[in-house]
Amino acid sequence: KNRNRFDCLLQLTNRFPMCARCIVLLRSTCVQCNRNCAGIVAIEAIAAAQGIECRAPLLTSPRLQQVLSLIRKRCPALEDDRILSGDIAAVTALIHDSDQLSIVDGVDPVQMDSSR
């Protein structure tokens, strides 16, 4: 049968079995959603780092200082207006990099499948 995306999502919400094509479509949609969320988290992290530094000489927790230093290795503080797409991409890559995040005490990064 020829099904559109809306019908497949209705089947999912009603807990009906789905065809293999619909499952692949749903998986690719979820992977794209995860990538988009990582970009949003990167933007939030850049803004948070900027905000923490604006409150100097006050300091944050040691754990957040570790995260701040990781962010600043990839994204310098915003002194003047500039295009941030490169900074966002760099911090997004940091979010996906388990080896880098594992040095922060108490952080267990989630492994994401970026092969597809």
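Our structure's up above, just so we're on the same page.
About the criteria used
Residues numbered from 1 in each chain as written. Predicted model: local features only at pLDDT ≥ 70, side-chain atom pairs only at ≥ 80, totals over all residues. Heavy atoms only, no water. Helix = DSSP H or I, 4+ residues; strand = E, 2+ residues; numbered from the N terminus. Contact = heavy atoms within 4.5 Å. Areas by Shrake-Rupley, 256 points an atom, 1.4 Å probe, with all protein chains shown as cover. Axes fitted to C-alpha atoms, helices over the stretch in contact; angles between N-to-C directions. Parallel < 35°, antiparallel > 145°, perpendicular 65-115°, else oblique. Left-handed = near helix turned anticlockwise from the far one by under 90°. Nonpolar A, V, L, I, M, F, W, Y, C, P; charged D, E, K, R; others polar. Salt bridge = Lys/Arg side-chain N within 4 Å of Asp/Glu carboxyl O. Buried < 20%, exposed > 50% of the residue type's maximum accessible area, 1.4 Å probe, protein only. Core = buried A, V, L, I, M, F, W, Y, C linked by side-chain atoms within 4.5 Å.

**So, the overall build of the protein**
Now for step 1: Counting its regular elements, the protein contains five helices and zero strands.
Now for step 2: When its helices and strands are written in sequence order, the protein yields α-α-α-α-α.
Now for step 3: The contacts in the protein between residues at least 6 apart in sequence include a share of 49% that link residues at least 24 apart.
Now for step 4: Summing over all exposed atoms, the protein offers an accessible surface of approximately 8,600 Å²; the carbon and sulfur share of this is 59%.

**A short note on the packing of helix 3 (residues 62-74) against helix 4 (residues 85-96)**
Now for step 1: It is the contact of helix 3 with helix 4, at a shortest axis distance of 9 Å, that shows an interaxial angle of 135 degrees. Looking at the two axes, helix 3 sits oblique to helix 4. Relative to helix 4, the crossing made by helix 3 is right-handed. From helix 3, Leu70, Ile71 and Arg74 reach across to helix 4, where they touch Asp87, Ala90, Val91 and Leu94.
Now for step 2: In terms of residue class, the contact of helix 3 with helix 4 is built from five nonpolar, no polar and two charged.

**Examining the pattern of salt bridges**
Close approach of charged atoms allows side chains with opposite charge to pair.
Now for step 1: For the coordinates displayed, the defined rule picks out two salt bridges.
Now for step 2: Notably, a salt bridge pairs Arg72 with Glu53, separated by 2.9 Å at the nearest N-O pair. With Arg72 in helix 3 and Glu53 in helix 2 (residues 20-54), this pair connects stretches of sequence that are 19 residues apart.
Now for step 3: Overall, the relative accessible area of 17% leaves Arg72 in the buried class.
Now for step 4: Residue Glu53 is classed as partly exposed on the basis of its relative accessible area of 31%.
Now for step 5: For Asp87, the salt bridge goes to Arg82, with nearest N and O atoms at 2.7 Å.
Now for step 6: For Asp87, a relative accessible area of 10% puts it in the buried group.

**Digging into the nonpolar core**
Now for step 1: Within the largest apolar cluster, 12 residues are counted, these being Ala42, Ala45, Ile46, Ala49, Leu68, Leu70, Ile71, Cys75, Val91, Leu94, Leu101 and Val104.
Now for step 2: Among the secondary structure elements, those contributing two or more residues to this core are helix 2, helix 3 and helix 4.
Now for step 3: Val104 has contacts with Arg63, Gln66, Val67 and Leu70, leaving out every residue within four places of it along the chain.

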